[in-house]
Amino acid sequence: MGDRKLHSPITHHLSLITYHFMEQTYINQLSAHVGEEVTLKGWLYNLRSSGKLLFPQLRDGTGVVQCVVFKKAVSEEVWEALKGLGQESALTIRGTVRADERAPGGFELDVVGAEVIQAAHDYPISPKEHGTEFLMDHRHLWLRSRRQHAILKVRHTVVKAVRDFLDADNFTLADAPVFTPAACEGTTTLFEVDYFDDQKAYLTQSGQLYNEATAAAFGKVYCFGPTFRAEKSKTRRHLTEFWMVEPEMAYATLDDVMNLCERFLANIAARVLEDRAEELKILERDTSRLEAIVPPFPRLHYDDAVKILHEGHERGEMESRFEWGGDFGAPDETYISSKYDKPVMVHRYPAAIKAFYMARDLERAELALGVDVLAPEGYGEVIGGGERATSLEFLREQIALHQLPEEAFDWYLDLRRYGSVPHAGFGMGIERCTAWMCGIEHVRETIPFPRMLYRLKP
Ligand code: 4AD
Ligand code: MG
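Residues numbered from 1 in each chain as written. Chains lettered and ligands numbered in written order. Predicted model: local features only at pLDDT ≥ 70, side-chain atom pairs only at ≥ 80, totals over all residues. Heavy atoms only, no water.

(A) Seen up close, the packing of helix H4 (residues 146-168) against helix H13 (residues 430-438). For the pair H4 and H13, interaxial distance at closest approach is 9 Å and the crossing angle is 120°. The angle between H4 and H13 places the two elements in the oblique class. As H4 packs across H13, the resulting crossing turns out to be right-handed. The residues of H13 that touch H4, namely those facing Ile151, Val154, Arg155, Val158, Val159 and Val162, are Ile430, Glu431, Cys433, Thr434, Met437 and Cys438. Along the lines of polarity and charge, the residues of the contact of H4 with H13 split into nine nonpolar, one polar and two charged. (Axes fitted to C-alpha atoms, helices over the stretch in contact; angles between N-to-C directions. Helix = DSSP H or I, 4+ residues; strand = E, 2+ residues; numbered from the N terminus. Parallel < 35°, antiparallel > 145°, perpendicular 65-115°, else oblique. Left-handed = near helix turned anticlockwise from the far one by under 90°. Contact = heavy atoms within 4.5 Å. Nonpolar A, V, L, I, M, F, W, Y, C, P; charged D, E, K, R; others polar.)

(B) Main features of the sheet that holds strand S9 (residues 200-203). The sheet built from three strands is open, its strands ordered S7-S9-S8 with antiparallel pairing. Two strands in the sheet have a free side with no partner beyond their single neighbour: strand S7 (179-180) and strand S8 (192-194). Bridging between S8 and S9 involves three bridges; their strand directions are antiparallel. Within the sheet, the bridge partner assigned to Val193 lies in S9 and is Ala201. (Pairing = 2+ DSSP bridges.)

(C) Seen up close, the site of ligand 1. Within the structure, ligand 1 sits among 23 residues, and Glu185, Gln208, Glu246, Glu381 and Val382 are positioned closest to it. A distance of 2.9 Å is found between a nitrogen atom of ligand 1 and a side-chain nitrogen or oxygen belonging to Ser206. In this structure, a nitrogen atom belonging to ligand 1 sits 3.4 Å away from a main-chain N or O atom of Phe426. Coverage of ligand 1 by the protein amounts to 94% of the 630 Å² it exposes when considered alone. Among the cavities detected, the one that contains ligand 1 is the largest pocket. (Near = heavy atom within 4 Å. Polar contact = N/O pair within 3.5 Å; in protein donor to acceptor, adjacent residues only side chain to side chain. Areas by Shrake-Rupley, 256 points an atom, 1.4 Å probe, with all protein chains shown as cover. 1 Å grid on protein atoms, 1.4 Å probe; cavity = no way out; pocket = protein on both sides within 12 Å on 5 of 7 lines; lining within 4 Å. Sits in = over half its atoms within 2 Å of the grid points.)

(D) Molecular detail of the packing of aromatic side chains. On inspection of all chains with the given rule, the structure shows 16 aromatic pairs. Taken together, a centroid distance of 4.7 Å and an interplanar angle of 20° make the contact between Tyr210 and Trp411 stacked. Taken as a pair, Tyr210 in helix H5 (residues 208-218) and Trp411 in helix H12 (residues 410-417) lie far apart in primary sequence, 201 residues in all. Their ring planes at 75° and their centres at 5.9 Å tell us that Trp411 and Tyr412 sit as a pair that is edge-to-face. In this structure Trp411 comes out as partly exposed when scored by relative accessible area, which is 26%. Assessed through its relative accessible area of 0%, Tyr412 is described here as buried. Taken together, Tyr210, Phe356, Tyr357, Phe409, Trp411 and Tyr412 form an aromatic cluster joined through their ring pairs. Cation over ring: Arg236 sits above Tyr379, and NZ or CZ is 5.8 Å from the ring centre. Just above the ring of Tyr349 sits the side chain of Lys354; from NZ or CZ to the centre is 4.2 Å. (Phe/Tyr/Trp six-rings, centres within 6.5 Å; stacked < 30°, edge-to-face > 60°. Buried < 20%, exposed > 50% of the residue type's maximum accessible area, 1.4 Å probe, protein only. Lys NZ or Arg CZ within 6 Å of the ring centre and 35° of its normal.)

Given below as structure tokens:
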């Protein structure tokens, strides 16, 4: 904390209180300090004045608190420095904590001293409306805004809920590499990079194939890291770099995966409701939609999902008639999920539109034992997963059929040579899940620095 001197030529010493020996109190801990004098360290969020009174609002990353400065309660220097201070100036404020029901957050600070660490001028993001492109260009600053702050706090809780849930359920974290020798999820969305000695490497699309190896070593595993898709699509659901959590279980089937999906998503929603009530309020989230996320979730065969689309077409609610065998587009997913107020698990898609590693339905070989979990409210697919093929011969055929280089998969095929068992798992995109929890339009706001088709900066 404050044992290191932060003094620099631009530091203004405005009170006898010097920075380095003041203990820091955080705004979200003020309730434990009512009546005490504390030091807050943060940034100026807003400043109002009225005669001999100043009302600086300070934010410190944990919250925002209104401070009250009486001209006669502070030195002349402090008054003068605070008076004209610009938004997002860095400062420490010392004062007495007072409980006040009318104050946002329930507390105010009666100021006795302050120290300006850096005076900022002309902060580019003002309370007026800015366009999305402007805000995305200033993402490094936009993160400080209330709404963005709330969204990323929800993301934090989603990640924490995911880890706590899997850890408590006997899963072992075994992370997968980012540089990989071949495609996992189709060759059309691969990012190629130059590796040493004229070799090509690809940024991982999914850690799944490695999960299958670690699952045979540990039983139940998960990997959790950044994944990459060279998606040329400019939709509200697609990033080129996103974080995926992927659990994988040995001795498990498609049904086991669907059971896990239910418990997993219900747990995330419950944790977000419990730990992020304030943020959900800031985001004006209809929390009844999150309260509805409890098992069991409806399970819908692909054939029946297609029937729903056909009925929609007959009613004039879906423009074109969906062809059996195709993959669902965003409007199809939205229509199917609009029939339910819970996530719906669509299973047994045509194998032809799914990845090479999917196990087949023994009763209908043209169907893959895969599942997509479609979130309600138009959020679309948040989870994709299923049961993996176990036969060496079958996988060899599939690798050839998908025109994948067999030599890059020899290690993977070893898993079918040595102790091959039914196994299954899924992947969930953290950003899609967070957007759904927050009830926001676009995934770009759910990651600190989004990477998209036309966005590599900041
Ligand atoms: O359905 P996907 O492609 O499945 C896999 O990669 C499997 N190998 C996972 C597994 O079984 N271990 O991707 C899984 C999830 C999607 O449901 C979605 O939530 C997210 O990853 N996702 C994306 N999120 C943001 N931007 C993109 N471009 C995404 N592509 C997939
Ligand atoms: Mg998918």
